[in-house]
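Listed below, chain by chain, are the residues.
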Amino acid sequence: MTEFSPRIVAFCCNWCSYVGADLAGTSRLQYPDNIRIIKVMCSGQVFPSYILKALELGADGVMVAGCHIGDCHYVSGNKKAQERVETLLRVMKTLGLDPRRVRLEWISASEGVKFANTVKEFVEEVKELGPNQLGVRE
Amino acid sequence: MKDEPRIGVFVCHCGTNIGGYVDVPSVVEYARTLVGVVHVERNTYTCADDGLTAIKKAIKDHNLNRVIVASCTPRTHAPLFRSAVADAGLNPYLFELVNIREHCSWVHMKEKEAATQKAKDLIRMGVARTALLEPQEEIRISVTPSALVIGGGIAGMTAALSIANQGFKVDIVEKDSEMGGMLRYLNDLYPGGRKASLVMDEFIGKVKNHPKIEVHTSSTIKKVDGYIGNFTVSVQNEKVPLDIKTGIIVVATGADEFKPVNLYGYSGSGNVLTELELEERLKNGSLQKLDSAVFIQCVGSRGEGRSYCSRICCNVAIKNSKLLKQTFPEADINILHNGIHAYGTYEKMYREAQELGVGFRKYSKEKPPEVTVDGERMRVKLYHELMGREIEYTPDIIVLSTPLIPHPENGDLSRMLKVPLGQDGFFLEAHVKLRPVDFATDGIFLCGSARAPADIIESINQGYSAASRAAIPLMNGYVQAEAITAVVDETKCIGCGYCASICPYRAASMNEKTVIAEEVTYLTKKSYINPVLCKGCGTCAAGCPAGAITPNHFTLPQIMATIKAFQQPGAYIYDRIKA
Amino acid sequence: MPHAGRWQVNEMKSVLVIGGGIAGIQSSLDLANRGYHIYLVEREPSIGGHMALLDKTFPTNDCSMCILAPKMNECNAHPNIDILSYSEVMDLSGNAGDFTARVQRKARYINEEKCTGCGDCTARCPSKVPNEYNGNLDKRKSIFLPYPQAVPRVMTIDREHCIYLTKGKCGNCKKVCNAGAVDYEQKDTFVDLNVAAVIVATGFDMFDPTHMQEYGYGKYANVITAMEYERMICASGPTGGHLETAPDKEHPGKIAFIQCVGSRDLQHNPYCCSVCCMHAIKESILAREHYEDIKPYIFYTDLRAVGKGFEEYAVRGEKEYGIKYIRGRPGQIIEDASTKKLTVWYDDTVNRKVKGLEVDMAVLCTSLIPAKGSDKLAAILDIELDEYGLYKSRDELTAPLDTRRPGVFIAGYCQSPKDIPESVAQGSGAAARATEVAGGAYI
Amino acid sequence: MKQIIKRTKAYYCVECGKCSGSCPVARVNEGFSPRVIVERALSGMKGEIEGDRELWTCLTCEACTTKCPSTVKFSEFIRGMRSSAFNSGYTSRCSQGGLLHSIQRVQSYRDLVQNRLQWISDDLKTSTEGEVLYFTGCLPYFENLFSGFVNPLEIARSTVKILNKAGISPVVSPNERCCGHDLLWTGNVETFQKLARLNVEMIKESGASRIVTSCPECLRTLKLDYADFLEGTDIEIVHISEFISSLIKNNDIKLNRAGIMTYQDPCRLGRHMGIYDAPREVIKSMGELVEMNKNREESSCCGVSAWATCEGNSKQMQIERLIEAKSTGADMLVTSCPKCLIHLRCAVHNQIPVEKEKVDIPVVDLTVAACRALAGE
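Computed from a predicted model, the values in this text were never measured in an experiment. (Residues numbered from 1 in each chain as written. Chains lettered and ligands numbered in written order. Predicted model: local features only at pLDDT ≥ 70, side-chain atom pairs only at ≥ 80, totals over all residues. Heavy atoms only, no water.)

**Some details on empty space enclosed by the protein**
Residues and elements named next belong to chain D. Worth spelling out the cut-off: Residues are said to line a cavity or pocket when one of their atoms sits within 4 Å of a point; the points come from a 1 Å grid over protein atoms alone, cavities being sets where a 1.4 Å probe fits but cannot get out and pockets being open sets with protein on both sides within 12 Å along at least five of seven lines. Grid points are joined across faces, edges and corners, and a volume is the space filled by probe spheres set on the points. Three classes are used, and their members are as follows: Ala, Val, Leu, Ile, Met, Phe, Trp, Tyr, Cys and Pro are nonpolar, Asp, Glu, Lys and Arg are charged, and the others, Gly among them, are polar.
Within this structure, the stated rule accounts for 17 cavities of 30 Å³ or more. Volume-wise, the largest cavity comes out at about 140 Å³. Lining the largest cavity are 16 residues, with Cys13, Cys19, Val38, Cys68 and Val72 positioned closest to its centre. Grouping the amino acids of the lining of the largest cavity by side-chain chemistry returns 11 nonpolar, 3 polar and 2 charged.

**Here's the deal with the domain arrangement of chain C**
All names here are of chain C. Stated precisely, the cut-off is as follows: These domain boundaries are the output of an automatic or database domain assignment. In this analysis, two residues are considered to be in contact whenever any of their non-hydrogen atoms come within 4.5 Å of each other. For any pair of parts, buried area is found by adding up, for both, the accessible area (1.4 Å probe) each one loses once the two are put together. Only one rule defines a salt bridge in this text: a Lys or Arg side-chain nitrogen within 4 Å of an Asp or Glu carboxyl oxygen. Any N or O atom pair separated by 3.5 Å or less is treated as a polar contact, with the protein-specific requirement of one donor-capable and one acceptor-capable atom, and with residues adjacent in sequence counted only for side-chain atom pairs.
By domain assignment, chain C separates into domain 1 (7-106 + 189-203 + 371-442), domain 2 (120-176) and domain 3 (207-368). Facing 16 residues of domain 1, the contacting portion of domain 3 comprises 23 residues. Note on domain 1 versus domain 3: buried area summed over both sides is about 1,600 Å², and carbon and sulfur give 66% of it. Contact with domain 3 buries area across many residues of domain 1, yet Asp55, Phe58 and Pro59 alone supply 35% of it, more than any other trio. Run the count over domain 1 and domain 3 and you get 0 salt bridges. Taken together, the links from domain 1 to domain 3 amount to 5 residue pairs in polar contact (both at pLDDT 80 or more). Here the residues of the side of domain 1 that touches domain 3 sort into 9 nonpolar, 3 polar and 4 charged.

**So, the environment of Glu131 of chain D**
Residues and elements named next belong to chain D. Where we set the bar: Helix numbers and strand numbers start at the N terminus; a helix is a DSSP run of H or I with at least 4 residues, a strand a run of E with at least 2. The cut-offs for exposure are 20% and 50% of the maximum accessible area for each residue type, with area from a 1.4 Å probe on protein chains only; residues under the lower value are buried, those over the upper are exposed, and the others partly exposed.
Examined against the element boundaries, Glu131 turns out to sit in the loop between helix H7 (99-106) and strand S1 (132-135). Judged by its relative accessible area of 58%, Glu131 falls in the exposed class. For Glu131 and Val171, which are 40 residues apart along the polypeptide, the C-alpha to C-alpha distance reads 7.8 Å. Those residues in contact with Glu131 that lie beyond four places of it in its chain are Gly207, Ala208, Ser209 and Arg210.

**Regarding the side chain of Arg66 of chain B**
Residue and element names in this part refer to chain B. Relative to the helices and strands, Arg66 resides in strand S3 (residues 66-71). When its relative accessible area of 2% is taken as the criterion, Arg66 is described as buried. Of note is the side chain of Arg66, whose polar atom sits 2.9 Å from the backbone oxygen of Leu133.

As structure tokens, this is what we get:
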């Protein structure tokens, strides 16, 4: 049996975490290939429905990454993101979905290392959780 | 959607930066299979002139209405490709950049197969999104033809003078009661040895006499509103608060000298001094007699906690050692260093100090000098690595070369201006190499030691540099705003006011509207988002209970299509979700 | 090619920028973006300067061409910028606000307006000459583009080596050119430009270490200069990014980077070049990124990592990329004639012993010296040179961008040693000064 | 010491270490580092330098001096420090038990009557007065000491023969004294000055306007270190290699082919005086020149200077140099300094640590080789 290789989608804000991911690249930090980034202007722009849709379609993990609290390019969008993700996590619990499949991270433009490490950790954690049951179709 | 997508995909090898780790030909073949894609090619460097020409040619030849470039980060290259697309007659927002370098080839350098698969996925996701892209129009914002410079030191004064000489009104906001910044505390300046006070007076004189410059001393920034071209800065001085309208802002707040309390016997009094304290003694002539002096370099820098090199301290120590030697020719002056960083033509100053007889002794980083202070008697023990032995000095004064450190107020200012600080606490420019005095945020610029330790010449250079960058929007009289803003669909808006309550820019407001329904006409409230104020963060949209707000260029259908494409590894069929 | 007639029309204020390296490019864009008309005069066939020849840039390891190419293209596409490449300024008369500059447009034997840069001619050109844009490590043709990203994308015929121009035979390029762009009869032309201000940004040249016999450059195959190394490790360079050593083209196991070759040297160039420590660290890191088994050694005098984030870069180079820093300038390099391996003789500060280190490649970080012809240009512009042959500021402390001639400004390395961001900053700064003068306000 | 530092610009030292990296002695002697010696001086450790045996180890070959980026005149610095040490009562460890320095000191007695012209055979034309003076140097004494493995006086005879061939009958004076080079470089400045005065008297008496030397050390000493003593005169001083090469250039003499040769640059002729091309031109006119890897400015030293230090290190340097010479495939190793000749020959005279084949190459003086190759002889 081949090892489970999770599929993870990450919503990164244009100003900090996308740039942090760029920095991981320019620093040639190697991390697992399981992640696909979708750029948004702000973590506050992430509709909760995006996250659930991704899970529904079988993503094994979803990450939302924004600027550190206080550093939001749009002042407070990340705080809104935090509130919304927390709400969604409660919903997920009720749905019987493991909330550990969704991660909210603050990664700044200078934190290429943190970006790479976060991906590594998250991939490991999702591996332990195993495949998302919603992704298993007949 | 009005038109069937005809997407062209251009995959960049970026030399071997992508081509070396991703199987580009197979990515190209895969891209051909995606629905909506009518043309695919690969380029050695898509960003080069030939690559851009190829894009324009393909748009014409294949009647493309959407373009994807799969190459590097959009941060540096999107504007270039956008303008190429625009040159060929397409709306520049019908372009998408898929990052398969920073986010793919460079982070998966040892797994070509996986990297190739990831590149395919990212392109598939890009195609899904691009198919749904819509043209956007940029708007022009008029610019208030004046500048505000925060900080009245040498960098700020230079910037202010140059902007004023270019024809614009400038307000200088200085927190202290007088201008001059660090110059007020300096004795002689390098290179050349001119008195700091003379240089300072010359600059202050020019600033004060300039009809276009207004100086606000003892004033601090309380609040910053607005955006490029239209800032309102609230300034508090001793008497009255003042709102200044300005088109651009220059940050020239300088830096502080680190006081090395508890290092090398420094206590703030006595004969262990910092460079600034030495300058003070030289300036007021209180140093009457000197038999021996020891300078210690890199005190509090280039180590744990404060890792950076403060750039100017070697030159400052050389300057001061020369002065001491000239004043007290018989004195034994030694500079204990961990590498003399007299970069550029300052090497000459180093040579001159050597000629005068200043001693330069390297210490080992592992065994830094030890200072013991016993009343009046001071001893410095140096482990000389090259000779493999200890040397002892009994100086009259010990001068500690400490780094310039960021102001503690930088944090507040950075929050008010919404510009970032680097890990070292200095302000962080937009790009280390090519945008040294710009912030990522339009309309705010940076110069002098607020950016990183800089000496007088460098501060002046950067002052002019910031003045040049700042004057561009002022001279044009307008800036072109990005088109990515949020728009309200009034038919969906339920008038709840959520958007207005959370918008940090007060771009969303509730307007009264008369709604004519089939049977009744009634008055309600509808959201309106001011496109000039809106920054396009989309936070309102994501929270709108009615889904009435669309963040342009990042619409719900576009993102949803991307998410779907993410999970559909096979040949992708784009989903037409009605907007 | 712009027409002479058009240049007399001068509705916008015009500024002449001499030198199309990063400093000159920055000056040009800053001024063009505020509505000034720019004549960007470049001696070489393409703008881009030395930055175009670098692989990556410190301390972010940004790909040099990746960040430069957009700016080069922006210059080319800008409606307010005329690039006069392969041209030199011959005379400057008049005063600030109203100068007349005479520019010699060297015949490139190509009609710039017709040439598409397709390269058909290059493919058929039989004449091969050492490629100076690749550190002479490979050959180019006599009709050529300096490098694929060259701007403007127009061919140039090297009149020294072209078989037709030297011997009257061949003519292949003309035969194959579908655009009809080849013109062997083209002559040098002169144009007069009316400009309000002049910015000089002519950069630097590299010191030739051949006569420093102790390092055996030119004599030993595996002793190269840092500029040659940049080309070699660059994916678009002559070896496609592979480091090759004699005799078998294997990549080196050990590389010695030798600092201050010709600089900080009272016998040659007394100043510190400001950038060599950093580019050696970068080049070491790149070596390790290309080949994990490479062991880089940097022989330095003082490791001057003085810019923003530089010290941290140096530390990272040691900790993460295994760079071994050795404080000592080597005295001699000796080649083993059969294996072509090199022994670098140096004094080790820590052990206080003189040792010979056997390496496979030695990279000489040679001095950056005043651009050739600086003295001539200084005479033409009536500005001064300093003791090093760089352009002298009116006041080195308070007016670094000004020269003794009002309206003529200097920016970049030609003013004093500096790195890319400092050159960019000065490029902008000179634009500000030029605007002050051209605007005529409060001067 | 402060004076010495000032005079030699030692204060310019930035500890770059290029000197040590260039130093042939440091490669074979772990304890020796020019950089550390200067560093000690700059730290004011006069006593330590004077008392250190390594002060005398330096060959003053100028391998470092020629390329010092800070233009520190290291060999002059060493000379100064040795003089300072000498005045403090320290002396060098003179080779041959101090015999050679004794011989040189004895020559400084004004009333001494030497018997140093016995080598002038009947076929050689010399004069007591004239335009050209041949300064023979210590060759007669070297003949006395080292005839077991070299013939130093053949150099003198060859020199005169070539001068004769050019129509010159040189002055060779019985009152010539040692030029004082070795004493000067081992700190005995006072005796050097005595010798210089005596020699200058002799030179002035001879009426010569041109001096030819066959020894690079004499050349350097007369040309540079006698400058003060010869002030006011207009005497040209040339090395025999320069003289021969000009004869060849003017077609005054012709040389027959004498085989493949490699060339050892003597430190005094090369790095001290900058004469690299003249001897090479002479060699090329009588054979093929194959260079050793280390040549011209980069040339290695013969291992001993001023008879100050001869020890294991010296021998190691000599053997390595001979191996390098042999590996060029040349028929002979040509040098233009009697001391190089003596030292390189001496190295293989007794037991050697390597196989004989590796170092087995004849060492010949340039003038001797040229004289042997004179056409029509």
